Amino acid sequence: MKNKTKNIPFVHNYCDRWCERCRFVDRCAVGSSEKLLETELKMELALTEEKKQEIMWQHVANNFAETAQLLEKMIKEAGLDYEEICREVKENPPPETVLTDRQEAIKELTMDYAKDMMDWMEKNPKIFESEDLTSRAMVQKDEPEQFLNAIKDAIHTVNWFCFFISVKAQRAFSGKQEYIYDTKEELLQSDHNGSAKVALIAVGRSIKAWEVLLNAFPELDFVIIGYLAQLQKISRNLLLEFPDAGKFIRPGFDEEKYDHIK
Ligand code: SF4
């Protein structure tokens, strides 16, 4: 089917979902819709929190309805019987994913990392608000403002990817079991390789962010080094499970023709 809009097809399937920072926000169906919601909420500043929640849920419901309509249209355009497919899925739901030992281990590692980190952050909500942060900033090689921004960004990053890694890894496991590919190219461009690549990118960015925090808060080395070790282990196992993940070409992000969009 031809893409009649300027949106990049499937770009949102292999991204980090961080729309406010994404260079493709105006070329992505999901990003544009998020932006619309944000504008709508900003215009409704006088509204109560309850009303804002109502607008947000309506927005989610509309998105689901649109996706369902689109799917129905695509199925019909492909000459298939939409009602028959719905009945088939209802009567024969797909079997639950049975994980291999290594997949189970990765699932556990990613969940442990996320839970450990969340617990620690919740128990220590002011851990990165050290009183002498400004004096620490003064002795850094970077400008103080740059240093403080880097810390803020690092905290945001580890939080953002905390559960994301597990979600993407698990999607990769189910994808690996669900499909059979006819060619090597199809296999390389499979959903499981794409999801694993995104999980690996999130691991890499989390590692970099923890390193920034370790540099700024050396007294937290015991905890931070623990998280770094967990992430390294996740990364090693993901690469063993999905050795070709790096070769997956993410729509938009890994395509040279979109390099001009900054
Ligand atoms: S591609 Fe960018 S704009 Fe679209 S959903 Fe992902 S992060 Fe958001």
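As the structure is a prediction and not an experimental result, all values here were calculated from the model.

## A look at the overall build of the protein
So, point 1. The helix and strand tally for the protein stands at ten helices and zero strands.
So, point 2. Along the chain direction, N to C, the helices and strands of the protein fall in the order α-α-α-α-α-α-α-α-α-α.
So, point 3. Referenced to the eigenvectors of the C-alpha coordinate spread, the extents of the protein come out at roughly 70 × 55 × 40 Å.
So, point 4. Counting every position in the protein, which comprises 262 residues, the buried fraction comes to 21%.

## So, helix α7 (residues 164-178)
So, point 1. With 15 residues, α7 extends 21 Å from end C-alpha to end C-alpha; this agrees with the ideal 21 Å at 1.5 Å per step.
So, point 2. Buried residues of α7: F164, I165, S166, K168, A169, A172, F173 and K176, and no others.
So, point 3. Taken together, the buried residues of α7 touch α4 (101-123), α6 (144-161), α9 (191-216) and α10 (221-241).

## Topic: the packing of α4 against α7
So, point 1. Direction vectors running N to C along α4 and α7 enclose 165°, while the axes themselves pass 9 Å from each other. Classified by the interaxial angle, the pair formed by α4 and α7 is roughly antiparallel. As for the relative orientation of α4 and α7, their crossing is left-handed in sense. Mapping the contact onto sequence places Q103, I106, K107, T110, M111 and A114 in α4 and I165, S166, A169, Q170 and F173 in α7.
So, point 2. Class assignment for the residues of the contact of α4 with α7 results in six nonpolar, four polar and one charged.

## Some thoughts on α4
So, point 1. With 23 residues, α4 should cover 33 Å at 1.5 Å per step; its first-to-last C-alpha distance of 32 Å lies within 8% of that length.
So, point 2. Taken as a whole, α4 has its buried residues at Q103, I106, L109, T110, Y113 and M117.
So, point 3. Here the buried face of α4 lies against α6, α7 and α10.

## A few points about the environment of D142
So, point 1. Secondary-structure assignment places D142 in the loop between α5 (133-138) and α6.
So, point 2. Among the residues examined, D142 registers 11 C-beta atoms within 10 Å and is labelled exposed.
So, point 3. Spatially, the C-alpha atoms of D142 and F217 are 15 Å apart, while their sequence positions differ by 75 residues.

## As for the site of the ligand
So, point 1. By nearness alone, 13 residues border the ligand, and C15, C19, C22, C28 and G31 come closest of all.
So, point 2. Partitioning the shell around the ligand into residue classes produces nine nonpolar, two polar and two charged.

## Section: the environment of C28
So, point 1. Tracing the backbone shows C28 in the segment before α1 (29-43).
So, point 2. Once the C-alpha coordinates of C28 and H12 are considered, the two residues, 16 residues apart in sequence, prove to be 6.7 Å apart.
So, point 3. Contact partners of C28, with chain neighbours within four places excluded, come to N7, I8, V11 and H12.

## Looking at the domain arrangement of the protein
So, point 1. Parsing the protein into structural domains produces domain 1 (11-91) and domain 2 (101-258).
So, point 2. Tallying the contact residues gives seven residues for domain 1 and nine residues for domain 2.
So, point 3. Broken down by class, the residue content of the side of domain 1 that touches domain 2 amounts to five nonpolar, one polar and one charged.

## Considering the nonpolar core
So, point 1. Counting residues in hydrophobic clusters, the biggest one holds 38 residues, and the most contacted among them are I165, A199, A202, I234 and L238.
So, point 2. If you list the elements that add at least two residues to this core, you get α4, α6, α7, α9 and α10.
So, point 3. The residue makeup of this core includes at least three contributed by each of domain 1 (11-91) and domain 2 (101-258).
So, point 4. If near-sequence neighbours (up to four positions away) are discounted, A199 is found in contact with I165, K168, A169, A172 and L238.

## Considering the packing of α7 against α9
So, point 1. For the pair α7 and α9, the least separation of the axes is 8 Å and the interaxial angle reads 160°. When the axes of α7 and α9 are compared, the pair comes out roughly antiparallel. At the point where α7 passes α9, the crossing takes the left-handed sense. Across the interface between the two elements, F164, I165, K168, A169, R171, A172, G175 and K176 from α7 touch D191, H192, S195, A196, V198, A199, A202 and V203 from α9.
So, point 2. Among the residues making up the contact of α7 with α9, the classes are represented as nine nonpolar, three polar and four charged.

Cut-offs used in this document
Residues numbered from 1 in each chain as written. Predicted model: local features only at pLDDT ≥ 70, side-chain atom pairs only at ≥ 80, totals over all residues. Helix = DSSP H or I, 4+ residues; strand = E, 2+ residues; numbered from the N terminus. Buried ≥ 20, exposed ≤ 12 C-beta atoms within 10 Å, placed from the backbone. Expected span 1.5 Å × (residues − 1). Contact = placed C-beta atoms within 7 Å. Axes fitted to C-alpha atoms, helices over the stretch in contact; angles between N-to-C directions. Parallel < 35°, antiparallel > 145°, perpendicular 65-115°, else oblique. Left-handed = near helix turned anticlockwise from the far one by under 90°. Nonpolar A, V, L, I, M, F, W, Y, C, P; charged D, E, K, R; others polar. Near = placed C-beta within 6 Å. Domains from an automatic or database assignment. Core = buried A, V, L, I, M, F, W, Y, C linked by C-beta atoms within 7 Å.

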